[in-house]
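What the coordinates show
Listed below are the residues making up each chain.
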Amino acid sequence: MKPGTTRISFEEYILLALLAFVPVVFSRVTQECFEIPQSALLATGALLLTWRGLGGELAAIGRSGPGGYVRSAAWRLKSWATRDPLGVGVLLFLASAVASTIAGPNPAQSVHGAPDSTAGLVAAFSTAVVYFASRAVARGHPGVLTRYARAAGFASAVTASYALVQLAGLDPLIWGRTATFGGDVRIFGTLGHPNMLGAYLAMTAPLVIWLAIRSRNAIERVLWALVAALSVVVIAATLSRGAWIGLAAAALAWLVLGLLSRGRAGGSAPSHPSRRGQHLPAAAVVSFLVIAASVFLFARSSMGPHLTERVRQIASLNAPTTQSRLHIWRAGLRMVQDHPWLGVGLDAFGIAFSRYRTTDYWDIEWGRTPNKAHNEPIQILATQGIVGGIAALLVVIFAAIAIGRRVWREDGAARAAAVAAGASLVAFAAQNLTSFTVVALGSLAAATAGWLTSAPPSGTPERRESGRSRRAAAPAWAGALAGIPVAALFVALVVLPVRAQVYEKAALVAPDGSPERAQALERAARYAPWDSRYEHFLGSSLLVQYERDPGTSSGRELLRRAALAQRSAIATQPENGYHYANLGRVLAAQAMLRPPEASVAGVRGAFAEAVTRDSLNAQLMDKASNALIQLGQAAEARAIALKAATLYPNLAQPMGFLGYMALLEQRWKDAADTLEIAVKREWWAENAARAATLSNLSAAYLALGRNEEALRAAEEGLESNPLNPDAAANRKLALERLGRANAAAVPAGAGMPGIAGGSLP
């Protein structure tokens, strides 16, 4: 080992592995391919670090005895608090998160994190463990930050390179749930979303540039410069405004901190005093590569034409995505007003959002329920209240103080490292003003902050400080004893959620209404009972299975299982209106049995509960109208559809339903007029519903003797849904009336006897 260097400890190896691999890990066997595997890896690393720390504490108890250990605890706690105010802020934030979890609507879900969010207690504690472990192993040594930066730079190179493959249209993998702009898929690398990809690269760019500047090896300098150039190109190609803001904030922070550093040093502060001035050519190379690569790639990419429009939207309040954010932020602030102290519950933004949904937001997003506020300060205030907001503010203040102190140090190498680390944290904070934290971002921010706060007092030799970081290994008995609770936590916090995700993927691959889907969902619910979606999906699938062959002897049992699953979902998450609506659909099917197993009053009650919890949800109104009309409750069904049509005058579904009712009542002219309006309105890609409405319009035209129009409507319906039997029946009837010989065959049983094909929209 070279003089002045530090031995890499077990803890640092774990940290480096997390920084290198959390951002690039993904899985094709879990339903959520990116954040779930990355969260599981982070939690696993945090548990290993916890095991190591717990083993050390047990060894300390063994050495000094329980009494001596307890007597020294107060002194150690006080000494630690004075040396690590940021750590105190982190613990206060965790305490707030625990309190909000206990007070929240679904504490078990708050522990694991909401679906598609994974920002619960597990992620919070894992990130905190990374911070404390980083602070313990860094001891202010610039070489530790160099290793951190190289690990993060490796991850940047991997994810940015994969993003370029996607940009070139050469991705060998097919992904669902991708973000688009102007009809083109935005690149997302291995972070799962373009906003997260851009945010991560904006964080790592200062660290990678610092590596290029400080490197004494020409090849390494060029390689890091290429990674930096590649990162900036990909950040632009993500079309992520938050990432652009983060990168700009990092550049500004670099400039300000660099000036502060130079002012303290009384002049320039080179990374390597013995090689003064050599960082300038390296910086020039980086700048040239960035500019050249940007011009070349954007001239040939599909994202290039969209760049100008996306830049224009930064300052536009009328852009749909900006309007969507504004509505979400207003909802979050209203949550704070209603739940000021502890918020609505940790990572429970999506649970609470339905009570704050507006018609304007619905018009923009069509029933989507955000799990995040897309603004970290509002997210914290909404889910953790003022208590969590104050703790988060303390974390920000103490982190800023740590950056300032580190930059103010006399050692030039440490100052240069602190400038890069500070710029990275500024990028993290800036992008969070329009986005949120995922584990790849949070773990890097925690490790970087841990290094910043670990700086030894001015004048303390770093070799002496690093020597203090090496301590005797815990005895075998302490490691074994510490491993028992850690292994149990690993199973509960990592294995079970991943297993549930695997079965969720298997369920959603299986056909809807199949026994295979039901079996997989039952297993997923068994592994993750806090996730009400699984019972909800199970109830829906069992209902579809029943509807395909309602006359079977097992039909009643299918409906009983479906009702039981929906009631289980309601018990887990009673705030979700969709659970009640699906229960209403199942009860409607049971009410139509002979003898019935549910009452019309029960159906009304279920839908009333659904609308109470999500009063402006047009999808729930649509479900209620369809269920009630099947039970013969025409007046109630019409009233609900009229309410939806009044709230959403541009929405097609309620008008389609009203036209269907007119068709049933044989008011042919009214049906045609209403359905003509419906087909011209917004369907939000619900092609089956649009096809049914076109089929109904065709039926109205046939009843009015407008056969050419009936043929066109039926054929357009078949274009939307080729499997619609009523549209096929209407097409055949129209062709027969027009005397054309190429009338198509029609499935048996299709169409309305004596009139034409008609069905629920």
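What counts as what
- The numbers attached to residues start from 1 for each chain and follow its sequence in the written order.
- Where local features are concerned, this predicted model is filtered to residues with pLDDT of at least 70; where side-chain atom pairs are given and counted, the filter is 80 or more; whole-chain, interface and lining totals use all residues.
- With hydrogens and water excluded, all non-hydrogen atoms of the structure serve as input to the side-chain values.
- Strands here mean DSSP runs of E at least two residues long; helices mean DSSP runs of H or I at least four residues long; both are numbered from the N terminus.
- Partly exposed residues are those whose accessible area sits between 20% and 50% of the maximum for their type, while under 20% is buried and over 50% is exposed, using a 1.4 Å probe and protein chains only.
- Contacts are assigned to residue pairs with any non-hydrogen atoms lying within 4.5 Å of each other.
- Throughout, the Shrake-Rupley method with a 1.4 Å probe supplies accessible areas, and for residues the shown protein chains are the sole cover considered.
- An axis is simply a line fitted to the C-alpha atoms; with a helix, the fit covers only the stretch in contact. Between two such axes, the angle follows the N-to-C directions and lies from 0 to 180 degrees.
- When describing relative orientation, an angle under 35 degrees is termed roughly parallel and one over 145 degrees roughly antiparallel, while 65 to 115 degrees is termed roughly perpendicular and anything else oblique.
- Helix crossings are classified by the rotation of the near helix relative to the far one: an anticlockwise turn of less than a right angle makes the crossing left-handed, while a clockwise turn makes it right-handed.
- Amino acids outside the nonpolar list (Ala, Val, Leu, Ile, Met, Phe, Trp, Tyr, Cys, Pro) and the charged list (Asp, Glu, Lys, Arg) are all regarded as polar, and Gly is one of them.
- Buriedness for pockets is judged along seven lines, at least five of which must meet protein on both sides within 12 Å for an open set on the 1 Å grid over protein atoms alone, while cavities are sets there where a 1.4 Å probe fits but cannot get out, and lining residues have an atom within 4 Å of a point.
- Grid points are joined across faces, edges and corners, and a volume is the space filled by probe spheres set on the points.
- Salt bridges are defined by distance alone: a side-chain nitrogen of Lys or Arg within 4 Å of a carboxyl oxygen of Asp or Glu.
- Working definition: rings of Phe, Tyr and Trp (its six-membered ring) pair if their centres are within 6.5 Å, and the pair is stacked with planes under 30 degrees apart, edge-to-face with planes over 60 apart, and tilted otherwise.
- Distance and chemistry together define a polar contact, namely a pair of N or O atoms within 3.5 Å, with one atom able to donate a hydrogen and the other to accept it when in protein, and with adjacent residues in sequence counting only for side-chain atoms on both sides.
- Buried Ala, Val, Leu, Ile, Met, Phe, Trp, Tyr and Cys residues form a nonpolar core when they are joined through side-chain atoms within 4.5 Å.
- Scored between 0 and 100, pLDDT is the confidence that the predictor attaches to each residue.
- A helix's residues, less one, multiplied by 1.5 Å, set its expected span.

**Some details on the overall build of the protein chain**
For the protein chain, the helix and strand inventory stands at 31 helices and two strands. For the protein chain, buried positions account for 53% of its 761 residues. Partitioning the contacts of the protein chain with sequence separation of at least 6, the portion at a separation of at least 24 is 72%. Entry remark: accessible area of the protein chain is about 32500 Å², with carbon and sulfur atoms responsible for 63%.

**As for the packing of helix H29 (residues 687-703) against helix H31 (residues 725-737)**
Closest axis-to-axis distance for the H29/H31 pair is 9 Å, and the angle between their directions is 30 degrees. The orientation of H29 relative to H31 falls into the category roughly parallel. For H29 against H31, the interelement crossing comes out left-handed. Across the interface between the two elements, Ser695, Ser698, Ala699 and Leu702 from H29 touch Asp726, Ala727, Asn730, Leu733, Ala734 and Arg737 from H31. Tallied by class, the residues present in the contact of H29 with H31 amount to five nonpolar, three polar and two charged.

**What to know about empty space enclosed by the protein**
Here the structure, examined in full by the defined rule, presents three cavities of 30 Å³ or more. Of the pockets and cavities examined, the largest cavity occupies roughly 330 Å³. As for the largest cavity, its lining consists of 26 residues, of which Ile36, His112, Gly113, Thr118 and Pro497 are closest to the centre. Sorting the residues of the lining of the largest cavity by element identifies helix H2 (35-83), helix H5 (121-138), helix H19 (476-509) and helix H21 (532-548) as the ones contributing at least two each. The element best represented in the lining of the largest cavity is H19, accounting for six residues. A per-class count over the lining of the largest cavity returns 17 nonpolar, six polar and three charged.

**Concerning the pattern of salt bridges**
Applying the stated criterion across every chain, the model contains 28 salt bridges. In this structure, Glu665 and Arg667 form a salt bridge, with 2.8 Å as the shortest nitrogen-oxygen distance. You can call Glu665 partly exposed: its relative accessible area is 36%. Given the relative accessible area of 32%, Arg667 is considered partly exposed. Linking Glu709 and Arg706 is a salt bridge whose minimum nitrogen-to-oxygen distance equals 2.7 Å. Among the ionic contacts, a cluster of salt bridges with common partners joins Arg556, Glu557, Arg560 and Glu597.

**Focus on the packing of aromatic side chains**
Under the criterion given, the structure shown has 16 aromatic pairs. An angle of 45 degrees between the planes, with centres 5.8 Å apart, marks the rings of Phe26 and Phe34 as tilted. The class for Phe26 is partly exposed, based on a relative accessible area of 31%. Ring geometry for Trp362 and Trp366: centres 5.3 Å apart, planes at 85 degrees, overall edge-to-face.

**Notes on the environment of Leu381**
Here Leu381 is to be found in helix H15 (residues 376-407). For Leu381, a relative accessible area of 26% corresponds to the partly exposed category. Taking the C-alpha atoms as reference points, Leu381 and His339, separated by 42 residues in sequence, lie 9.2 Å from one another. Excluding residues within four positions of it along the chain, Leu381 makes contact with Val336, Gly343, Ile386 and Gly389.

**Structural notes on the side chain of Glu365**
Along the polypeptide, Glu365 turns up in helix H14 (residues 359-365). What makes Glu365 buried here is its relative accessible area of 16%. Reaching out from Glu365, the side chain makes a polar contact with the side chain of Arg368 at a distance of 3.3 Å. Residues in contact with Glu365, not counting those within four places in the same chain, are Ser324 and Trp684.

**Regarding the nonpolar core**
Formed by 86 residues in total, the largest nonpolar core has its most connected members in Tyr148, Tyr200, Trp210, Val234, Leu441, Trp451 and Leu452. Sort the elements by how many residues they give to this core and helix H7 (residues 194-214) lands first, with 12 residues. Those residues in contact with Leu441, other than ones at most four positions away along the chain, are Met196, Ala199, Tyr200, Met203, Phe428, Gln431 and Phe436.

**Side note on the confidence of the model for the protein chain**
Do not read the predicted coordinates in detail wherever pLDDT is low. A residue-level look at the protein chain finds 88% of positions with pLDDT of 70 or above and a mean pLDDT of 89. Residue range residues 268-280 is modelled with pLDDT below 50. Its contacts to residues more than four positions away, or to other chains, number 19 contacts. Below pLDDT 50 for its whole length, residues 745-757 participates in 28 contacts with residues either more than four positions away or in separate chains.

**Regarding helix H1 (residues 10-21)**
In this model H1 runs 17 Å from its N-terminal to its C-terminal C-alpha over 12 residues, within 8% of the 16 Å that 1.5 Å per residue would give. By the burial criterion, the buried members of H1 are Glu11, Glu12, Ile14, Leu15, Leu16, Leu18, Leu19 and Ala20. Against the buried residues of H1 lie H2, H5, helix H6 (142-167), H7 and helix H17 (439-453).

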